[in-house]
Amino acid sequence: MAKTAELHYEGKSYEVPVIEGTEGELALDISDLREQTGLITLDIGYKNTGSTKSAVTFLDGELGILRYRGYDIEELAEKSTFIEVAYLLVYGELPNKETLHKFQKDITMHTLVHEDMRKIYDAFPASSHPMGVLSTMVSALTAFYPKSLDPNRSPEAVNLTILRLLAKMPTIAAWAYKNEMGHPLNYPRNDLDYCSNFLYMMFGFPTETYHSDPVLVDALEKLLILHADHEQNCSTSTVRMVGSSQASLYAAVAGAINALWGPRHGGANQEVLEMLETIHRDGGNVQKYVDKAKEKGSNFRLFGFGHRVYKNFDPRAKIIKKTCDNVLAKLGINDPLLEIAMKLEEVALKDEYFIARKLYPNVDFYSGIIYKAMGFPVDMFTVMFALGRLPGWIAQWKEMREENQPIGRPRQIYTGQTVRHYVSMSQRS
Ligand code: CMC
């Protein structure tokens, strides 16, 4: 029998349907609450609001579970490749040998970006943050592929837009870095796999042969897999919100890149490293920064700590920590920042303030240290997050469009002035 909840309001009772997900999560379906009762719900920051049903990613914040299409993140990080995970997220199933081969081939067909896009790169000052460049360039794809703007295209045409975006994103991201450095751009090499090609475009030079280090390729595969989706977070909700107006996928993903940029979301990985560097320069006094984060009204937070949904541990942080140890060991890097990070983790995890608020290291806490060891500059860290998150954004956008979900349009409780009349300038005090 379908479950219901009862709401009593002003002497009347209303039945509210209860929706159950495949993992047993429950929700009140309040879609006609206002019609029935005149009430809306208020939940600033959507802390307790489900914005959609979705079959892409399952997350249990209490148990620290993260699954893409039913597969545990630990298993995927250990056994899969990023491109395989991208296929899984976008199309719902793991590819077989043939479909994976075709997917990879289709992607390599579209890795180049239009030469005219180079003119846009040229116009950016060297001081441009690569996240701003990335979102601009992804948005600019609408100009080079105007048919992507048509909301009524066939599924094949939509798929072409998806493949183009997956293929061009590494090129666009690596060129943002090369442009910032003032170095010549590397054109994609289609004989390389997704991650090796990206590392080549980032770190190769036309004047020398580039061989990517398998340790780095493996670390990159893992990092991208761990970031590939995370259900309805800020940037993914942005993809869905922008996409719900039937704007193009490129426009929706450009919006998501901007949402990811902020220091409370993907931008935290850059902030973590800058924070560790500050602590290091300041003599490594970890306690001082833990105390500062606890200070009421200080507005300083320990970046890389805390999560809206994970309240015991972030499963991605566990895997990343292991990858981080491997990368540093194999590259022979002895980074003092890692020592500070470990001390910080130790102090914070024992501190009453952090325990009471269930603040644990999140995915961003260690990723910056690995990216630094791999040679990425700090301002590229969030770009790396975006590169990883792309298949998730696409999968969520595709799901929403295929279900023909309505435009996202929340309501509000108005708290401003009630009606008043215009007063001419001469009569104003
Ligand atoms: N350092 C110190 N205090 C914190 C921190 C932190 N990192 N995070 C939360 N708090 C405190 C916060 O001040 C508040 O305290 P009080 O109840 O006394 O006012 C309490 O914990 C709850 O914080 P909140 O901001 O209401 O929690 P939220 O669920 O809205 O925020 C968060 C989640 C991730 C935005 C937040 O924990 C944060 O700002 N962390 C630092 C930034 C960060 O690492 N972000 C990356 C998240 S993982 C990657 C991703 O998916 O984006």
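Residues numbered from 1 in each chain as written. Predicted model: local features only at pLDDT ≥ 70, side-chain atom pairs only at ≥ 80, totals over all residues. Heavy atoms only, no water.

A. Focus on the packing of aromatic side chains. All told, the structure shown has 18 aromatic pairs when counted by the stated rule. Measuring from ring centre to ring centre gives 6.3 Å for F198 and F376, while their planes differ by 10°; the resulting arrangement is stacked. In this pair, F198 sits in helix α8 (residues 194-203) while F376 sits in the loop between α17 (364-374) and α18 (381-402), placing the two residues 178 residues apart along the sequence. The pair F198 / F376 is uniform in exposure class, with both members buried. Lying across the ring of W175, R118 places its NZ or CZ 6.0 Å from the centre. (Phe/Tyr/Trp six-rings, centres within 6.5 Å; stacked < 30°, edge-to-face > 60°. Helix = DSSP H or I, 4+ residues; strand = E, 2+ residues; numbered from the N terminus. Buried < 20%, exposed > 50% of the residue type's maximum accessible area, 1.4 Å probe, protein only. Lys NZ or Arg CZ within 6 Å of the ring centre and 35° of its normal.)

B. Just helix α9 (residues 214-227), in detail. A rise of 1.5 Å per residue sets the reference length of α9, with its 14 residues, at 20 Å; its end C-alpha atoms lie 20 Å apart and thus fit the reference within 8%. For α9, a buried count of 11 out of 14 residues is recorded, marking the element as mostly surrounded by other parts of the structure. Those residues of α9 lying buried are L216, V217, A219, L220, E221, K222, L223, L224, I225, L226 and H227. Capping of α9 at its N-terminal end is provided by D213; its side-chain oxygen lies 2.8 Å from the backbone amide nitrogen of V215. (Expected span 1.5 Å × (residues − 1). Polar contact = N/O pair within 3.5 Å; in protein donor to acceptor, adjacent residues only side chain to side chain.)

C. Quick look at the environment of L337. By the secondary structure assignment, L337 is in helix α15 (residues 336-350). Residues L337 and E277 lie 60 residues apart in sequence; the distance between their C-alpha atoms is 6.8 Å. Setting aside chain neighbours within four positions, we find L337 in contact with L273, L276, E277, H280, I369 and K372. (Contact = heavy atoms within 4.5 Å.)

D. Quick peek at the sheet that holds strand β4 (residues 57-60). Read across the open sheet, the 3 strands follow the order β4-β5-β6; overall the sheet is antiparallel. Only two strands of the sheet have a single partner each, and these edge strands are β4 and β6 (71-72). Pairing of strand β5 (residues 65-68) with β6, which is carried by 2 bridges, proceeds in the antiparallel orientation. Pairing of R67 across the sheet is with D72, part of β6. (Pairing = 2+ DSSP bridges.)

E. A look at the site of the ligand. Around the ligand, 21 residues are found, and the nearest of them are H265, R301, L302, G304 and R308. R264 places a polar main-chain atom, nitrogen or oxygen, 3.1 Å from a nitrogen atom of the ligand. In this structure, an oxygen atom belonging to the ligand sits 2.8 Å away from a side-chain N or O atom of R301. In the complex, the protein chains occlude 79% of the 930 Å² of accessible area that the ligand would expose alone. Of the residues contributing to the shell around the ligand, the split by class is 8 nonpolar, 6 polar and 7 charged. (Near = heavy atom within 4 Å. Areas by Shrake-Rupley, 256 points an atom, 1.4 Å probe, with all protein chains shown as cover. Nonpolar A, V, L, I, M, F, W, Y, C, P; charged D, E, K, R; others polar.)

F. Structural context of the packing of helix α12 (residues 268-281) against α18. Running from N to C, α12 and α18 point in directions that differ by 150°, and their axes come no closer than 7 Å. Taken together, the axis directions place α12 and α18 in an arrangement best described as roughly antiparallel. Like other packed secondary-structure pairs, α12 and α18 cross with a definite hand, here right-handed. Together, N269, Q270 and L273 of α12 and F381, T382 and F385 of α18 make up the contact between the two elements. (Axes fitted to C-alpha atoms, helices over the stretch in contact; angles between N-to-C directions. Parallel < 35°, antiparallel > 145°, perpendicular 65-115°, else oblique. Left-handed = near helix turned anticlockwise from the far one by under 90°.)

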